Amino acid sequence: MAEAQFDFGLATRLDVDALGEPGRRTFRLLIRSGTSAALLWIEKQQLVALGLALEQVLSQVAPQELQREMLSLPSGLVTDFPLNPQLEFRVGQLQLGHDPVNMQFQIIAGDSVGEEEEDRPPRLTVRLGYAMASRLSQQIAAVAAAGRPRCPLCGEPLGDEPHQCALSNGHVH
Ligand SMILES: [Zn+2]
């Protein structure tokens, strides 16, 4: 793939949030690297796939590496994201790379305009450390589940599968 138009380097903050009513929500990734900021509108399926891919790789990473990194991670709500980010687009193609040597992931995003043009460079490349990737995958899981009804007993979101409730002795409801 050609070199991206924007290389944000290592992300200093990466968040996901959802806007709108349950069932018709829109999702976005809020990316910051130093003083640079990018806002990426993303489909729910893409977001969930990204979260699962991160989770899958991270589950094979030594947990102590993850915990060491967790200590230096910023937390809290997304309240300070700039109103006019340098970059804002709707995600078309999304690629995830893994760099085990540097314990990082790379997200390469193209926009959804003119996807049929073969040699069009992607818009944004950004890298994230394992701890940030772990936090992101947890955020994605929480945000994706938030629109679904929850079990009145245990609070777990109810999906298409029958719910095996931890609080009702294996009773399926
Ligand atoms: Zn339950």
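Preceding this section is the structure that the text describes.
What counts as what
- Residues numbered from 1 in each chain as written.
- Predicted model: local features only at pLDDT ≥ 70, side-chain atom pairs only at ≥ 80, totals over all residues.
- Heavy atoms only, no water.
- Helix = DSSP H or I, 4+ residues; strand = E, 2+ residues; numbered from the N terminus.
- Contact = heavy atoms within 4.5 Å.
- Areas by Shrake-Rupley, 256 points an atom, 1.4 Å probe, with all protein chains shown as cover.
- Core = buried A, V, L, I, M, F, W, Y, C linked by side-chain atoms within 4.5 Å.
- Buried < 20%, exposed > 50% of the residue type's maximum accessible area, 1.4 Å probe, protein only.
- Donors = N, O, S within 2.8 Å, 3.2 Å for Na, K, Ca; no water.
- Tetrahedral: all angles 85-135°; square planar, octahedral: opposite > 155°, others 65-115°.
- Polar contact = N/O pair within 3.5 Å; in protein donor to acceptor, adjacent residues only side chain to side chain.
- Pairing = 2+ DSSP bridges.
- Axes fitted to C-alpha atoms, helices over the stretch in contact; angles between N-to-C directions.

A few points about the overall build of the chain
When its secondary structure is counted, the chain shows three helices and seven strands. Each helix and strand of the chain, placed in order from N terminus to C terminus, yields the pattern β-β-β-β-α-α-β-β-β-α. Sequence separation of 24 or more characterises 54% of the internal contacts of the chain that already satisfy a separation of 6 or more. Put simply, the chain shows about 10,300 Å² of open surface, and 50% of that area lies on carbon and sulfur atoms.

Notes on the nonpolar core
Counting 31 residues, the largest nonpolar core has Leu14, Leu29, Ile31, Leu40, Leu124, Leu128 and Leu136 as the members making the most contacts within it. Broken down by element, the residue count for this core peaks at six residues, all from helix H3 (residues 130-145). Counting residues in hydrophobic clusters, the runner-up holds five residues, among them Leu30, Ala37, Leu39 and Phe81.

Here we look at the coordination of the zinc ion
All of the protein donors around the zinc ion are Cys151 (SG), Cys154 (SG), His163 (NE2) and Cys165 (SG); their distances to the metal are 2.2 to 2.4 Å. Relative to the metal, the four donor atoms surrounding the zinc ion lie at angles of 97 to 119 degrees, and the coordination shape comes out tetrahedral. Sequence spacing of the donors to the zinc ion: C-x2-C-x8-H-x1-C. Of this pair, Cys154 sits in the segment after H3 while Cys165 sits in the segment after H3; the two residues are 11 residues apart in sequence, bridging distant segments of the chain.

Focus on the environment of Arg127
On the secondary structure map, Arg127 appears in strand S7 (residues 124-129). Overall, Arg127 belongs to the partly exposed group, its relative accessible area being 31%. With 120 residues separating them along the chain, Arg127 and Asp7 place their C-alpha atoms 8.9 Å apart. In this structure, Arg127 is in contact with Gly9, Leu10, Ala11, Gln104, Phe105 and Gln106, ignoring residues within four places of it in sequence. Looking at Arg127, its side chain comes within polar contact range of the side chain of Gln104, at 2.7 Å.

Some words on the side chain of Arg28
Tracing the sequence through the fold places Arg28 in strand S3 (residues 26-33). In this structure the side chain of Arg28 is engaged in a polar contact, spanning 2.8 Å, whose partner is the side chain of Asp17. Apart from the residues lying within four places of it in its own chain, the contact partners of Arg28 are Asp15, Val16, Asp17, Leu19, Leu39, Leu40, Trp41 and Ile42.

Regarding the sheet that holds strand S6 (residues 104-111)
The mixed open sheet is built from seven strands, whose spatial order is S1-S7-S6-S5-S4-S3-S2. Pairing within the sheet leaves two strands with one partner each, and these edge strands are strand S1 (6-10) and strand S2 (13-19). Mean inter-strand twist for the sheet, computed between neighbouring axes without regard to direction, equals 30 degrees. Pairing geometry for strand S5 (residues 87-99) and S6, over seven bridges, is antiparallel. Within S6, the position partnered with Val91 by the bridge is Asp111. Against the sheet, helix H1 (residues 44-58) touches S2, S3, strand S4 (36-42), S5 and S6, its axis set at about 20 degrees to S5. Along the sheet face, H3 touches S2, S3, S5, S6 and S7 and points at about 5 degrees away from the line of S2.

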